[in-house]
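# Residue-level structural notes
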Amino acid sequence: MALEALDRSLSATAPAPAPAAAGGCSASGCGSSSDQLAHLPEHIRAKVHNHPCFSEEAHHHYARMHVAVAPACNIQCHYCNRKYDCSNESRPGVVSEVLTPEQAVAKTLAVAAEIPQMTVLGIAGPGDPLANPERTLATFRALSEKAPDIKLCVSTNGLALPELVDEICEHNIDHVTITINCVDPEIGAKIYPWIFWNNRRIKGVKAAKILIEQQQRGLQMLCDRGVLVKVNSVLIPGVNDAHLKEVSRVVKEKGAFLHNVMPLIAEPEHGTFYGLMGQRGPSNEELQALQDECAGDMAMMRHCRQCRADAVGMLGEDRGAEFTLDKVAEMDIDYAAAMQRRAEVHAAIEANRAAQRQQRSETFIPITSLKGTMQRRKPQPAPAAAQAARFAVATTGGGVINQHFGHAREFLIYEAAAVGDDVDVRFLAARKVDLYCAGGDTCGDAEDALAKTIRTLEGCTGVLCSKIGIEPWDRLEAAGLVPNGEHAMEPIEDAVAAVYRELLAEGRLDTPAAATALSA
Ligand code: CLF
Ligand code: SF4
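Now for a quick tour of the structure.

What the chain contains, in helices and strands, is 17 helices and 18 strands. Classification of the 520 residues of the chain by burial places 56% in the buried group. Here the analysis covers contacts within the chain between residues at least 6 apart in sequence; of these, 75% occur between residues at least 24 apart. Split by element, the accessible area of the chain, about 20,600 Å² in all, is 52% carbon and sulfur.

As structure tokens, this is what we get:
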């Protein structure tokens, strides 16, 4: 691995500077979403602690990659065009390069050496991995021998699942995602026009009934064998939106670990049935409302990026272009040596996570003045029953605020709310934006991009980033958003709690933007 790659990953995960005084984020009230795994038994935590999809905290630190070895599919979804990747697990619109198992293994070893924080190899398309069992299982088999430190993960529509459960367990595939959009065949018939089953094409309600039965059987069998199952559901307004709470209840009862409700992506240019019929996807607010409703029944995933079937890197970034087949062929990988470096990087990441947890529990909230002079003051209790407010955060990972506003391709949305004397901070979603500033002479469309970004951040009260220019600062303020560049390299939840307290103390949460957040 190139030394600078190791340096980059280590510096990205270096412990955040510890504040100088004591007080306590927990003690002073930062209810962190990062402690979401604390209640789980040790053996489950060990399985998910470095899986960026199964653990929200892990996604700040660890990366995943997909290898596109599975071209065929055994069903048709109305939101899928076979020219594109399987949209059960990846967004439509980009075709993947289909790999042989051998090519997939070579690529995985190359990525593991170059991106040591990559911990999970997933197969998620471009068709259905279990409709291509030989290619999928051959890839997993080779990787479990050659790269035993990488977790294996597969995503499926579930039709072929029950018959393959034993092999999945044999290959140490500890994480399985099943896309379950319904448990009612009448609703299923509106989503799936046909399935291919026992060498026959079956249509309508009968097809949906078989698919649902197979999905539920497969889910139960995996849970009975201790495999962690995540259920993905595509939220299709007017089709299954009122039904997904029931789906959540049923899959939780069977033992699913996590439910990931994803928005339908349907554009006419994708050529899908829904896209051509004008079926709309949900708004951010509709998606979040449904996730909140389902959350009463089970743990929800909210940080999904609907990534490509050949995605490489941290969630939200795509480094696939660095690992095309020709580039991989030129790399000389010593995987034994790479494993040593991977272990060092993982140890550094875990030390960083431990330091952040410690900081959350021991330090007071740092407060900075809007003029930029660092000040500290004792934590001030938030008034009881104060309102919730949302904040958009620019980060490249590591769990800290470390990205320039103009370089952000996405913002993480957090909600802060006073609960008694504490401030509870929870992660809500990731929202993609166009790059506002690419540097040099490429900011020609910056005006437009900024206007779009501001629209994307609708409902937020403030924006936290490591730095921000004067012009976007003014534009954000004019749009009713509070920009803040004062918390660079601080843990996200601490910084959000600090800004929330500051605005609350100054009586600035009664702005229209804050009101929008509350009414959403
Ligand atoms: Fe890939 Fe999926 Fe495994 Fe993750 S993705 S197979 S569970 S390693 Fe993750 Fe991407 Fe969302 Fe999938 S962010 S689309 S949930
Ligand atoms: Fe497309 Fe995936 Fe559905 Fe198959 S399961 S039709 S590849 S979205």
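So that's the structure; there's more coming.
What follows is about the sheet that holds strand β10 (residues 258–263). The strand order across the open sheet formed by seven strands is β10-β9-β6-β5-β4-β2-β11, and the pairing between neighbours is mixed. The strands lining the two open edges of the sheet, one partner per strand, are β10 and β11 (312–313). In the sheet, strand β5 (residues 151–156) pairs with strand β6 (residues 173–179) via five bridges, with the strands oriented parallel. Counterpart to leucine 152 in the pairing with β6 is isoleucine 173. Here helix α9 (residues 244–254) sits on the sheet and contacts β9 (228–235) and β10; the angle it forms with β9, its principal contact strand, is near 170°.

For β6, the tally of buried residues reaches six of seven residues, placing the bulk of the element in the interior. What joins β5 to β6 is helix α6 (residues 161–170), and the crossover it makes is right-handed. Sheet topology places β6 next to β9; five bridges connect them, and they run parallel. Bridge pairing links histidine 175 to leucine 228 in β9.

In a regular helix each residue adds 1.5 Å, so 21 residues correspond to 30 Å; helix α8 (residues 204–224) covers 31 Å between its end C-alpha atoms and thus fits that length. Those residues of α8 not exposed but buried are Ala207, Ala208, Ile210, Leu211, Ile212, Gln214, Gln215, Gln216, Gly218, Leu219, Leu222 and Cys223. Where α8 terminates, the next one or two residues include glycine 226, which has phi positive at roughly 80°.

The N-to-C vectors of α8 and α9 enclose an angle of 35°; their axes lie 9 Å apart at closest approach. Of α9, the residues touching α8 (which contributes Gln216, Leu219, Gln220 and Cys223) are Val250, Val251 and Lys254. Looking at the contact of α8 with α9 residue by residue, the class counts come to four nonpolar, two polar and one charged.

Glancing now at the environment of valine 183. Looking at where valine 183 falls in the secondary structure, it is placed in the loop between β6 and α7 (185–188). Once the C-alpha coordinates of valine 183 and histidine 243 are considered, the two residues, 60 residues apart in sequence, prove to be 8.4 Å apart. Setting aside residues up to four positions removed in sequence, valine 183 forms contacts with Ile212, Gln216, His243, Glu246, Val247 and Val250.

Our next topic: the packing of α6 against α8. Where α6 contacts α8, the axes come no closer than 8 Å and their chain directions differ by 20°. As far as their axial angle goes, α8 and α6 are roughly parallel. Our pair here, α6 against α8, has a crossing hand that is right-handed. Contacts between α6 and α8 involve Leu161, Pro162, Glu163, Val165 and Ile168 from the first element and Gln214, Arg217, Gly218, Leu219, Met221 and Leu222 from the second. Among the residues making up the contact of α6 with α8, the classes are represented as seven nonpolar, two polar and two charged.

On to the packing of aromatic side chains. Centre-to-centre distance and the angle between the planes together describe a pair of aromatic rings. The full count for this structure, using the stated rule, is four aromatic pairs. Between phenylalanine 54 and phenylalanine 257, the ring centres sit 6.0 Å apart and the planes meet at 25°, which makes this aromatic pair stacked. Of the two residues, phenylalanine 54 is situated in the loop between α3 (42–48) and β2 (63–66) and phenylalanine 257 in the loop between α9 and β10; the sequence distance between them amounts to 203 residues. Residue classification places phenylalanine 54 among the buried positions, given a relative accessible area of 2%.

According to the stated counting rule, one finds 21 salt bridges in the structure shown. For the salt bridge of glutamate 246 with arginine 249, the shortest nitrogen-to-oxygen distance reads 3.0 Å. With glutamate 246 and arginine 249 both in helix α9, this residue pair falls three residues apart, about one helical turn. Looking at glutamate 246, the relative accessible area reads 33%, which means it is partly exposed. Exposure remark for arginine 249: the relative accessible area of 34% places this residue in the partly exposed category. Measuring nitrogen to oxygen at the nearest pair gives 2.8 Å for the salt bridge that ties arginine 280 to glutamate 286. Judged by its relative accessible area of 44%, arginine 280 falls in the partly exposed class. Judged by relative accessible area, which is 32%, glutamate 286 ranks as partly exposed.

As a further point, take the environment of proline 193. With respect to the helices, strands and loops of the structure, proline 193 is situated in the loop between α7 and β7 (194–197). The exposure class of proline 193 is partly exposed, given its relative accessible area of 24%. Sequence separation between proline 193 and histidine 78 is 115 residues; the distance between their C-alpha atoms is 7.0 Å. Apart from residues lying up to four places away in sequence, proline 193 is in contact with Gln76, Cys77, His78, Ile202, Lys203 and Gly204.

Moving on, we get to the nonpolar core. Grouped together as the largest cluster of nonpolar side chains are 56 residues, with contacts concentrated most on Leu121 and Leu222. Considering every element that reaches this core, the biggest residue donor is helix α4 (residues 101–114), with seven residues. The residues contacting leucine 222, other than those within four sequence positions of it, are Leu161, Val165, Ile168, Val176, Ile178, Val227 and Val229.

What follows covers the pairing of strand β16 (residues 422–432). Strand direction decides the pairing type here: strand β15 (residues 410–419) and β16, joined by 10 bridges, are antiparallel. Note on β16: the bridge partner recorded for alanine 418 is valine 423. What sits between β15 and β16 in their antiparallel hairpin is a turn of two residues, with glycine 420 showing a positive phi close to 60°.

So, on to helix α16 (residues 492–505). Given 3.6 residues per turn, any residue in an α-helix points the same way as the ones three and four places further on. For α16, built from 14 residues, the straight-helix expectation of 20 Å at 1.5 Å per residue is met to within 8% by its first-to-last C-alpha distance of 20 Å. Within α16, 13 of the 14 residues are buried, which leaves it mostly tucked inside the rest of the structure. Residue glycine 507 follows α16 closely and has a positive phi angle near 70°.

About the criteria used
Just so you know, the residues in each chain are numbered from 1, in the order the chain's sequence is written. Following the order in which they are written, the chains are lettered starting with A and the ligands numbered starting with 1. Owing to the predicted nature of the model, reporting of local features is limited to residues with pLDDT of at least 70; listing and counting of side-chain atom pairs is limited to 80 or more, with chain, interface and lining totals taken over all residues. As a convention, hydrogens and water are excluded, and side-chain values are obtained from all of the structure's heavy atoms. Helix numbers and strand numbers start at the N terminus; a helix is a DSSP run of H or I with at least 4 residues, a strand a run of E with at least 2. A 1.4 Å probe rolled over the protein chains alone gives each residue an accessible area, and that area as a share of the maximum for its type sets the label: buried under 20%, exposed over 50%, partly exposed in between. Contacts between residues were defined by any pair of non-hydrogen atoms, one from each residue, lying within 4.5 Å. Note on areas: Shrake-Rupley with a 1.4 Å probe; residue coverage comes only from the protein chains shown. Strand pairing is assigned whenever DSSP detects at least two bridges linking the two strands. Between N-to-C directions, angles cover 0 to 180 degrees, with each direction set by a line fitted to C-alpha atoms, over the stretch in contact for helices. Crossovers are marked right-handed if the path from the first strand over the helix to the second runs clockwise, as seen with the strands pointing away from the viewer. In this analysis, the expected span of each helix is defined as 1.5 Å times one less than the number of residues it contains. In this count, Pro and Cys sit with the nonpolar residues alongside Ala, Val, Leu, Ile, Met, Phe, Trp and Tyr, while Asp, Glu, Lys and Arg are called charged and the others, Gly among them, polar. For classification purposes, an angle smaller than 35 degrees is called roughly parallel, one larger than 145 roughly antiparallel, one from 65 to 115 roughly perpendicular, and anything else oblique. Helix crossings get a hand from a simple test, with the near helix turned counterclockwise from the far one by less than a right angle marking a left-handed crossing and a clockwise turn marking a right-handed one. Note on aromatic contacts: the rings of Phe and Tyr and the six-membered ring of Trp form a pair at centre separations within 6.5 Å, being stacked when their planes are under 30 degrees apart, edge-to-face when over 60 apart, and tilted otherwise. Note on definitions: salt bridges are taken to be side-chain nitrogens of Lys or Arg within 4 Å of carboxyl oxygens of Asp or Glu. To define a nonpolar core, start from buried Ala, Val, Leu, Ile, Met, Phe, Trp, Tyr and Cys residues and group those joined through side-chain atoms within 4.5 Å.

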